[in-house]
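Residues per chain are reported as follows:
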Amino acid sequence: MKFFKRSKEFFQKIFSSKDMEGDDVEPSDLLCFITEELQTKFQAATDMAEKSQIIQDFLKRWESDRALDVLRKQKFEFEKDLDWFNVSHHLTLEGLRGKLLVLDFFTYCCINCMHILPELNNLEKLYPIERGLVVVGVHSPKFENEKDAVNILAAVQRYGIEHPIVNDPTMSLWRSIGVRCWPTLIVLAPTGAPMLMLMGEGHGIFMEHFTEQALRFFAQKKELKDFSIPIRPSIDLLPASKLKFPAKIARSEDGRFAIADAGNHRIVVFNIQGDVLHKIGCGSSGLVDGHTSVARFNCPQGVTFLNNEILIVADTENHALRQVNLRTQTVETLAGTGQQGHDRTGGKIGPLQQISSPWDVAVYRTRDMDMSFHLDEQNVPEKTIILSSMAGTHQIWGYFPEGMIWWKFRKFEPRTCVSLIGNGMEENRNNSYPQNAAFAQPSGLAIAKDFLYVADSESSSIRKASLVDGKVLGVVGGDRNPQNLFAFGDEDGKQFSAKLQHPLGICYNHFDGKIYIADTYNHKIKVIDTENSAIDTCNILRQDGAAKQLFNEPAGLCFDATGQYLLISDTNNHQLICVDMYTSTAQQFPLKFPWCPGEEECVIDGPLRTGLEIVRQLPLTKCKQIKLLVSVTLDQNLKFTAEAPQKWSLNSANSALKSLNTRGSLTNGKFDILLQRVDMANVNIPREDLKLDLSLSLCDAKSCLMKRFAVILNDDDNALSDNTASNTEEIELKLHITPNSVHMF
């Protein structure tokens, strides 16, 4: 990325000169430079001690280097009378002085902005307000629709954001600081001066280490202040609802429907009368395979039927593709490891292949091009390809259950997950060669004949890809310039003259041969005539015909078997709408949920499955240091999958403890963690449990699966006396895994 207005040599000259103070330097350029310089050194360091020393040296230079005076003089403030969320009254940057402040500049449509939310959430757990860290989201909208406070509130609730957020519709603070892209993190010192500018995603580990050292540094200088923030999470304001932020809808051949009930982390299957037939997922977020009553999803967005008994789910925030067998009532993971991937090629066996924010799925069947076993070319059997709009990498991927030979006689092995269309650049670029085309956050899929239609949300366009050769073409919306992602609006018309605003949903009506669009940020349903690439707004009236039906960010739609009735996910209104296309009238489509005692309980017990938690008591706050030696052994019927990830992480940390390494890999089934007690003057540190998550790739004689479980480490007050507080304790945790359980010794 080339963001700097000045060369690196220019800044290096400043830092090497005793006479220059950098007063003629653009502050944002200097901020970018010192951030990149620090991160480059941090990433090149080979051990935790060296990384910590690099950050400590930066903090000392921050305090004394005259070349940084231009930054230390900078002071910013929020404009008055802005809308605030998750707090009981507005905040000011002046009032937050005395805290290490992270400003997250984001816009709620941006997939990259969504990706850093888990990192920020983890950072806030590691370093709560009591320790001196405050995170504030600065919503700086791209689309007109995103300037509306009501829509921002819905986004805050949808993504479960609990830190303070301010809506800055004119992007005044963005311009004052010199922010250049979404997302951007600005770190302010307790004095209010900017220290770092981190652009894009993937800064989680660096931020953990920087925050730890910065809090220690400013605590020693007594610049941290002990005060609270008037937090009032907006997610508590959500009404009780049978559906919560419903997303995509799909229909089976036998006439049943499935909807991704994203806010409730589940899939709901129902019939045309509205009778709920299946609830898949226990309603709590997580990544759990097994029986549908205990399975867990995390904000699933896409769903499609493979056949009348099999559902495929785009489990978006788990970064996974899941399969639901309605006959056996079981859920399994087809692809994805549960961690966000950055691979733009793929090719591994599904459960070993990391993917990134799948937003929709579609099923395509075609003849295998392998002719070696088929003497009669007319009777070559069709094979299945599961297509996914991979919003996180701006591509279309395919999962091949059976394996086959397809485009240009390329061979795809069984159960592999592979990038098919798009080079991973965020652009609206059409091309005759699929790997040279580019998408911008593809979010909806529909198959019509031999074309895959794509709702390309960030370019505000509808695109199509030939399923014969992969050629990508524009349909409506967007701009002729492939790099212009700001060509949005609300205009009917043909091709580029038509304008949409962040469309998320798309479906094909086999009866009239037209494509229907959920033009999400325009709160409208539109229809495309595929013959002339023209789009028109559907004039949908309320049932009484007296006024237009009002939608709120609709994200999914699907026709019934007759093609007369269109079901629409009215996402931010938490409801389904049914439109009679013959009369263009709409009415709410209520779902009838059967009630069973205890049905809302989510209990995970029995055989080993994702979500299992085991507890161990340790003297967490009685020792100066604790070295945990963790070893995992396997039953003779199991083995670690070769070259597959074996991961551990401290995802929820005790506020009084800190580990220099919060995540890593197992080596020969072993790893260790050094926990150090935090001693910070004038700061009240609450004690909490530690949560150690393990994610293992294991194989038995028949298959390879991901096994995830957590070890909860409780603080045992009675384990040691106070006179041992200066000791370093070495503790072994031995875990043994069998096909059905986990044992700890």
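Residues numbered from 1 in each chain as written. Predicted model: local features only at pLDDT ≥ 70, side-chain atom pairs only at ≥ 80, totals over all residues. Heavy atoms only, no water.

An unreviewed UniProt entry lists the protein chain under the name Thioredoxin domain-containing protein, with Stomoxys calcitrans as the source organism.

S.K.: Help me out: how do you make sense of the nonpolar core in this one?
M.R.: In summary, soluble globular proteins display a tendency toward joint burial of nonpolar side chains. Membership of the largest hydrophobic core comes to 68 residues, with the highest contact counts inside it found for Leu103, Met195 and Phe210. Core analysis: the next-biggest nonpolar cluster, separate from the first, contains 28 residues, Ile626, Leu634, Ile673 and Leu733 among them. (Core = buried A, V, L, I, M, F, W, Y, C linked by side-chain atoms within 4.5 Å. Buried < 20%, exposed > 50% of the residue type's maximum accessible area, 1.4 Å probe, protein only.)

S.K.: Help me understand the side chain of Ser388 in this model?
M.R.: Within the secondary structure, Ser388 is located in strand 18 (residues 382-390). On the accessibility criterion, Ser388 (1% relative accessible area) is buried. From its side chain, Ser388 meets the backbone oxygen of Asp360 in a polar contact 3.3 Å long. (Helix = DSSP H or I, 4+ residues; strand = E, 2+ residues; numbered from the N terminus. Polar contact = N/O pair within 3.5 Å; in protein donor to acceptor, adjacent residues only side chain to side chain.)

S.K.: Whenever I open this one, the sheet that holds strand 24 (residues 451-456) confuses me. Can you help?
M.R.: By definition, the strands of a sheet pair up through backbone hydrogen bonds, in either a parallel or an antiparallel sense. Here four strands make up an open sheet; going across it, the order is 23-24-25-26 and the pairing antiparallel. Edge positions in the open sheet fall to strand 23 (442-448) and strand 26 (472-477), since each of these has one partner strand only. This sheet shows a mean twist of 25° between the axes of neighbouring strands, independent of strand direction. Alignment of strand 23 against strand 24, held across six bridges, turns out to be antiparallel. Within strand 24, the residue paired with Ala448 across the bridge is Phe451. (Pairing = 2+ DSSP bridges. Axes fitted to C-alpha atoms, helices over the stretch in contact; angles between N-to-C directions.)

S.K.: How should the packing of aromatic side chains be read in this particular structure?
M.R.: Given two aromatic rings, their pairing is described by the distance between the two centres and the angle made by the two planes. As enumerated under the stated definition, the model contains 19 aromatic pairs in all. Taken together, a centroid distance of 5.5 Å and an interplanar angle of 15° make the contact between Phe257 and Phe270 stacked. Of the two residues, Phe257 is situated in strand 8 (residues 257-261) and Phe270 in strand 9 (residues 266-270); the sequence distance between them amounts to 13 residues. The class of Phe257 is buried, set by a relative accessible area of 1%. On the basis of relative accessibility, which here comes to 0%, the residue Phe270 falls in the buried class. Positioned above the aromatic ring of Phe42 is the side chain of Lys51, whose terminal nitrogen or guanidinium carbon lies 4.3 Å from the ring centre. The ring of Phe486 has Lys142 sitting right over it, with the charged end atom 5.0 Å from the ring centre. (Phe/Tyr/Trp six-rings, centres within 6.5 Å; stacked < 30°, edge-to-face > 60°. Lys NZ or Arg CZ within 6 Å of the ring centre and 35° of its normal.)

S.K.: I'm lost on the pairing of strand 14 (residues 320-325) in this one. Help?
M.R.: Within a regular beta strand, the side chains point alternately toward one face of the sheet and then the other, so they alternate between its two faces. Of all six residues in strand 14, six are buried, a share of seventy percent or more. Burial along strand 14 is two-sided: Ala320, Arg322 and Val324 and Leu321, Gln323 and Asn325, pointing in opposite directions, are all buried. In this structure, strand 13 (residues 310-315) lies alongside strand 14, joined through six bridges in antiparallel fashion. Bridge assignment links Asp315 to a residue of strand 14, and that residue is Ala320. Two successive antiparallel strands, strand 13 and strand 14, enclose a turn made up of four residues, where His319 displays a positive phi of approximately 50°. Sheet topology places strand 14 next to strand 15 (residues 330-335); five bridges connect them, and they run antiparallel. Paired with Val324 across the strands is Val331, a residue of strand 15. From the end of strand 14 to the start of strand 15, which pair antiparallel, there are four residues, and Gln329 there has a positive phi angle of about 60°.

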